[in-house]
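Descriptive analysis of the structure
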Amino acid sequence: MFIVPALLFTFLTVSNRLTFLRLNTLPNLGSFPLIVLLVLILLPFINWTGAINESMHLPDILIPLEEALRNMEKSANEMIIAILGGEGVSDLLVNIFLIALVPAIGEELFFRGSMQNVFSKWFKNKHWAIWLTAFIFSAWHFQFFSFLPRFFLGALLGYLFFWSKSLWLPIAAHFLNNFMGVLFVFLTENKIIESEIDKIGEDVNFGQYAIISILFSAIIIYGIYQLEKQKKSAQ
């Protein structure tokens, strides 16, 4: 759904496809451990935005639509949990490949590698391109009540792509985010851990966790920015 259109688009429109998609350049290797730390520390903020999103309500006239959207999202979440709830290590490995790795590669090829690049050329403004791509990225999942966290994640992935001039950094961050979800569902469904650690900060009333999360995340993001800036200066 994402890999083929992205590759077909580059095949039809550009001659140097790897350069256009930024697959032929590597980010600063020091950015990768910071990405791991960032995905962990950003979790309370992402969960908090998800809680805010979940608490939103449409106007009274649109109550039937809201109920339909909530039912769709509930069904989608139940299906995902059922898929991720395998009992063996082999099930976990398959889910990591199908739900963490493949979407990370496919969606980054489509949204950051292709769409964000095109928007950058259209608008001549990287920031407009990043935020518009993030909006479409989140809306494309058709999950209204988890739109905000996915939107902010999409913007972060867009800036990682912009700073590093490499698609491999957002792919790594996207994979780690998906991997965390796959792993935590597997561990909780199999009673290996008692509570879902990835729910930290999810209560909308605990905004202090989100503030601490975003402050430390900002420091890490700045560190990644500086590393990528150094790499660019050294080239």
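One can find the structure itself at the top, above this paragraph.
Values in this document were obtained by computation on a predicted structure and should not be read as measured data.

Reading the values: the criteria
Residues numbered from 1 in each chain as written. Predicted model: local features only at pLDDT ≥ 70, side-chain atom pairs only at ≥ 80, totals over all residues. Heavy atoms only, no water. Salt bridge = Lys/Arg side-chain N within 4 Å of Asp/Glu carboxyl O. Helix = DSSP H or I, 4+ residues; strand = E, 2+ residues; numbered from the N terminus. Buried < 20%, exposed > 50% of the residue type's maximum accessible area, 1.4 Å probe, protein only. Core = buried A, V, L, I, M, F, W, Y, C linked by side-chain atoms within 4.5 Å. Contact = heavy atoms within 4.5 Å. Arc of directions from axis to C-beta.

**Concerning the pattern of salt bridges**
- Tallying each qualifying case throughout the model produces three salt bridges.
- Its salt-bridge partner being Arg 70, residue Glu 54 comes within 3.0 Å of it at the nearest N-O pair. With Glu 54 in helix 4 (residues 43-55) and Arg 70 in helix 5 (residues 63-84), this pair connects stretches of sequence that are 16 residues apart.
- Owing to a relative accessible area of 41%, Glu 54 belongs among the partly exposed residues under this scheme.
- Judged by relative accessible area, Arg 70 falls into the partly exposed class, the value being 22%.
- Here Glu 66 and Arg 70 are joined by a salt bridge, their closest N and O atoms 3.0 Å apart. Linking Glu 66 with Arg 70, this pair stays in helix 5, spanning four residues, or about one helical turn.

**Remarks on the nonpolar core**
- One finds Ile 35, Leu 38, Leu 42, Leu 156, Leu 160 and Ile 224 to be the most contacted residues of the largest nonpolar core, which totals 19 residues.
- Of all the elements in the fold, those that place two or more residues in this core are helix 3 (31-41), helix 4, helix 8 (147-164), helix 9 (168-189) and helix 10 (207-234).
- Setting aside residues no more than four positions away along its own chain, Ile 224 makes contact with Ser 31, Leu 34, Ile 35, Leu 38, Leu 160 and Leu 169.
- Counting residues in each nonpolar core, the second largest holds 15 residues, with Phe 110, Phe 111, Phe 119 and Ala 129 among its members.

**Quick look at helix 3**
- Among all positions in helix 3, only Ser 31, Ile 35, Leu 38 and Val 39 are buried. Buried residues of helix 3, seen end-on, are gathered within an arc of 95° and therefore sit on one face of the element.

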